[in-house]
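# Architecture and fold: a report
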Amino acid sequence: MEYPIKTVCIVGLGYIGLPTAVNPRVVEAVNAGQPLFSEPDLDMLLRAATTLRKLRATSQPEPADAFVIAVPTPFHQDRSPNLDYIDLAADAIAPVLVSGNVVILESTSPVGTTERLAVRLARLRPDLRFPSSRSSEPLDVHVAHCPERVLPRRMVRELIENDRIIGGITEACAEHAEAVYRVFLQGKLFRTDAPTAELVKLVENASRDVNIAFANELSLICDQLGLNVWRVIELANRHPRVSILQPGPGVGGHCIAVDPWFIISSAPERTRLIRAAREVNDSKPKFVVSQIRERAERFKRPVVACLGLTYKPDVDDMRESPAIAITSQLARCGEERILVADPNLTALPQELATLSNVSFCETMEAVRQADIVVVLVAHTPFRKIPREELTRRVVIDATGLTHQYS
Ligand code: SAJ
C-alpha cells in the first residue's frame, strides 16, 4: 500500500536536540544553511535544502505527514534512563497531530519507550486513536521506532546506505513508518515490533562496548607484562576468525558509553558482562593518568603535551571525551604544566580553560616544549609529527598512533 509522505517534521535539530531546536540562535543558523557541528558534506546539503526551501527550521513543531523525534536520551546520576526530552517532544507535537500521521522515534531508547510515547500522546490527544501492542483496532496516528545507526564523519552516506530496523507498535505502524524511509533509503528495511527494535539498537552499541573493553583489558595486561598491545592485537588478528578492536584512552561519545546502561537498568541481575565492560572502559582514563604521573616523577616540573581532546579521531565533538577527563585530572592533581593541542579545535573547552596550568597551543609547539608527550586522540594530522621529535621525549601513546614507528 502507498502512504504518500510530503512533509516531515523533525523534532531535534542537532545533537543537543529539542532544547537546542527551540533556541532562536539554532533556528537562525539552520535557516541560514549553517550546521552547528561539522560533518562531511552536511554544510553543502543543508545550504542546498534551505535555498530550495525544502527545509525550514522553526522553534515550534508544525503540522506535517510524518514526525521524526531525534532528541537526546541521557541517563540520570544513578544511570537510569532520562526520557525527559522524549516527553518534551511528545508534548510539543501532540497539539499539531491529525489523523493519518505517523510518529517515528529515532532516539536510542530503553525497551518500552515507544509504547510509553504512544500512551503519552494518547493522553494528550483523547480525540485521536493511538496504537497499543495489546489491540489491533484501527488507528488515527501510527507510532514506530526506527533507531538511527550512523557513524559520525560518515553520517551523510550511512544515513542512506545503512540497513534500517523498523519497530512498529503494530504491523500497520511499521508499514506506515517504512513509507518515510523509502523516500531516501538505499539500504534494506527490516520490520519488527517496537521492543525488539529498541533492544537491537542498544545491543549494537553494547556489543561494540564489550569488544572495546576486551581490547582495553588487553592493554592493561600487556602493560603489566611489558608487551606491546598493538603488536599483540595485530598478530592475533591474522587469525581468520579473530578481529579484536583497538584499545584507547577510554570510550567517549554520547552513545557507546551510555546505551549499555539502558540494558543494565532493564535487567540488572542478568547483565554481568555488559556491566563489567562498562567498568573496564570507564576505568581506562584513570589508568592513563597514573601512567603519566608515574613517568612524570623523574622530572622536577614536567611539561606535558596532551595531543587531542575530542572523543575520537578527526571529529570536533567533545562529548564524554576521555581525553578531556584525563587532561583535567592531570591538571588538577599535579604540578605539571600542560600544553593541549587539537587540530580540530580552536580553543580549550570551558572545564579546562579555567585551570591555570593548562594552555592551548599548536601541535608542534606543544611537542617541542614538552618533556612528556601524551597521545590521547589519533587525529590524522598527528601522523605527520616527525618521528625524531617523539623518540627524544617520553611518549605515552594511549591510541596506538606511534605504533606505525615501531
Ligand atoms: N573506540 C575505541 N576502540 C575502537 C573503536 C572505538 O577505543 O576500536 C572508542 C572511540 O575512540 C570513541 C568510542 O569508542 O571514544 C566510540 O566510538 P565509535 O566510533 O565506536 O562509535 P560512535 O560513538 O562514534 O558511534 C556509535 C556507532 N555504533 C556502532 O558502531 C555499533 C554508530 O553506528 C551509532 O549510530 C552511534 O554510536 C550512535 O549514535 O548510537
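Above this text is the structure in question.
Now for a quick tour of the structure. (Residues numbered from 1 in each chain as written. Predicted model: local features only at pLDDT ≥ 70, side-chain atom pairs only at ≥ 80, totals over all residues. Heavy atoms only, no water.)

### Some points on the sheet that holds strand S7 (residues 303–307)
Read from one edge of the open sheet, five strands run S9-S8-S7-S10-S11, paired in parallel fashion. With one partner strand each, in any of the chains shown, strand S9 (358–360) and strand S11 (394–397) form the two edges of the open sheet. This sheet shows a mean twist of 20 degrees between the axes of neighbouring strands, independent of strand direction. By the bridge criterion, three bridges tie strand S8 (residues 337–341) to S9 in an arrangement that is parallel. If you follow Val340 over to S9, its bridge partner there is Phe360. (Pairing = 2+ DSSP bridges. Helix = DSSP H or I, 4+ residues; strand = E, 2+ residues; numbered from the N terminus. Axes fitted to C-alpha atoms, helices over the stretch in contact; angles between N-to-C directions.)

### Some remarks on the site of the ligand
Inspection of the region around the ligand gives 19 residues, with Glu148, Lys201, Arg208, Gln246 and Tyr311 positioned closest. Gln246 is positioned such that a nitrogen or oxygen atom in its backbone is 2.7 Å from a nitrogen atom of the ligand. Within the backbone of Gly252, one N or O atom sits 2.9 Å away from an oxygen atom of the ligand. In isolation the ligand exposes 770 Å². Once the protein is present, 86% of that is buried. Taken together, the residues of the shell around the ligand break down into nine nonpolar, four polar and six charged. (Near = heavy atom within 4 Å. Polar contact = N/O pair within 3.5 Å; in protein donor to acceptor, adjacent residues only side chain to side chain. Areas by Shrake-Rupley, 256 points an atom, 1.4 Å probe, with all protein chains shown as cover. Nonpolar A, V, L, I, M, F, W, Y, C, P; charged D, E, K, R; others polar.)

### Considering the layout of surface pockets
Roughly 680 Å³ of volume is contained in the second largest pocket. Taken together, 28 residues form the lining of the second largest pocket, with Trp230, Gln291, Val395, Ile396 and Asp397 sitting closest to its centre. Broken down by secondary-structure element, the contributors of at least two residues to the lining of the second largest pocket are helix H8 (194–225), helix H9 (229–236), helix H11 (272–296), helix H15 (387–391) and S11. With seven residues, the top contributor of residues to the lining of the second largest pocket is H11. (1 Å grid on protein atoms, 1.4 Å probe; cavity = no way out; pocket = protein on both sides within 12 Å on 5 of 7 lines; lining within 4 Å. Points joined across faces, edges and corners; volume = space filled by probe spheres on them.)

### Observations regarding the packing of H11 against helix H12 (residues 322–333)
For any two helices packed against each other, the geometry comes down to the angle between their axes and how far apart the axes lie. Across the interface, H11 lies against H12 with an axial gap of 9 Å and an inter-helix angle of 45 degrees. By the angle class used here, H11 and H12 are oblique. Judged by the sense of rotation from one axis to the other, the crossing of H11 with H12 is right-handed. Across from Pro285, Lys286, Val288, Val289, Ile292 and Arg293 in H11, the residues of H12 making contact are Pro322, Ile326, Gln329, Leu330 and Cys333. When grouped by side-chain class, the residues that make up the contact of H11 with H12 number eight nonpolar, one polar and two charged. (Parallel < 35°, antiparallel > 145°, perpendicular 65-115°, else oblique. Left-handed = near helix turned anticlockwise from the far one by under 90°. Contact = heavy atoms within 4.5 Å.)

### Some thoughts on the sheet that holds strand S1 (residues 8–11)
Taking strand neighbours across the sheet as the criterion, the six strands line up as S1-S2-S3-S4-S5-S6 in an open arrangement whose pairing is mixed. Of all the strands in the sheet, just S1 and strand S6 (189–193) have a single pairing partner and so form its edges. Pairwise comparison of adjacent strand axes, ignoring direction, gives a mean angle of 25 degrees for this sheet. Strand direction decides the pairing type here: S1 and strand S2 (residues 66–69), joined by four bridges, are parallel. Paired with Ile10 across the two strands is Val68, which belongs to S2. Packing of helix H4 (residues 84–93) onto the sheet brings it into contact with S1, S2 and strand S3 (102–105), and relative to S2 it is tilted by some 160 degrees.

### Focus on a nonpolar patch on the surface
Together, Ile221, Leu225, Leu227 and Val232 line one region of the surface with nonpolar side chains, adding up to about 360 Å² of accessible area. Relative to the helices and strands, Val232 resides in helix H9. The partly exposed category is assigned to Val232, whose relative accessible area is 36%. (Patch = residues over 30% accessible without salt bridge, like charges linked within 9 Å, V, L, I, M, F, W, Y side chains within 5 Å. Salt bridge = Lys/Arg side-chain N within 4 Å of Asp/Glu carboxyl O. Buried < 20%, exposed > 50% of the residue type's maximum accessible area, 1.4 Å probe, protein only.)

### Focus: the pattern of salt bridges
Taken as a whole, this structure holds 21 salt bridges when the rule is applied. The salt bridge partner of Asp282 is Arg79, with a shortest N-O separation of 3.8 Å. With Asp282 in helix H11 and Arg79 in the loop between S2 and H4, the pair connects residues that are 203 residues apart, well separated along the chain. Here Asp87 ties to Arg116 by a salt bridge, and the two come within 2.8 Å at their closest N and O atoms. Within this pair, whereas Asp87 is found in helix H4, its partner Arg116 is found in helix H5 (residues 113–124), the two being separated by 29 residues in sequence.

### Re the pairing of S3
Along S3, one buried face is formed by Val102 and Ile104 and the opposite face, lined by Val103 and Leu105, is buried too. The sheet contact formed by S2 and S3 spans four bridges and is parallel. The partner of Ala66 across the bridge, within S3, is Val102. Of the crossover connections in this fold, the one passing from S2 over H4 to the parallel S3 is right-handed. (Right-handed = clockwise from strand over helix to strand, strands pointing away.)

### Quick look at unusual backbone geometry
The phi torsion at Asp41 lies on the positive side, around 70 degrees, for a residue other than glycine. Within the secondary structure, Asp41 is located in the loop between helix H2 (24–31) and helix H3 (42–51).

### Side note on the side chain of His145
Mapping His145 onto the fold places it in strand S4 (residues 142–145). Its relative accessible area of 0% is what places His145 among the buried residues. Here Leu105 takes part through its backbone oxygen, which lies 2.8 Å from a polar atom of the side chain of His145. If we ignore the near neighbours within four places in the chain, the residues touching His145 are Leu105, Glu106, Ser107, Ser109, Thr114, Ile165, Ile166, Gly167, Ala194, Ala197 and Glu198.

### Regarding the packing of H8 against H9
Running from N to C, H8 and H9 point in directions that differ by 125 degrees, and their axes come no closer than 9 Å. Regarding the angle of H8 to H9, the classification is oblique. Crossing geometry of H8 relative to H9 is assigned as right-handed. Contact with H8, carried on its side by Ala215, Leu218, Ser219 and Cys222, involves Val229, Val232 and Ile233 of H9 and no other residues of that element. Each residue belonging to the contact of H8 with H9 can be placed in one class, and the counts come to six nonpolar, one polar and no charged.

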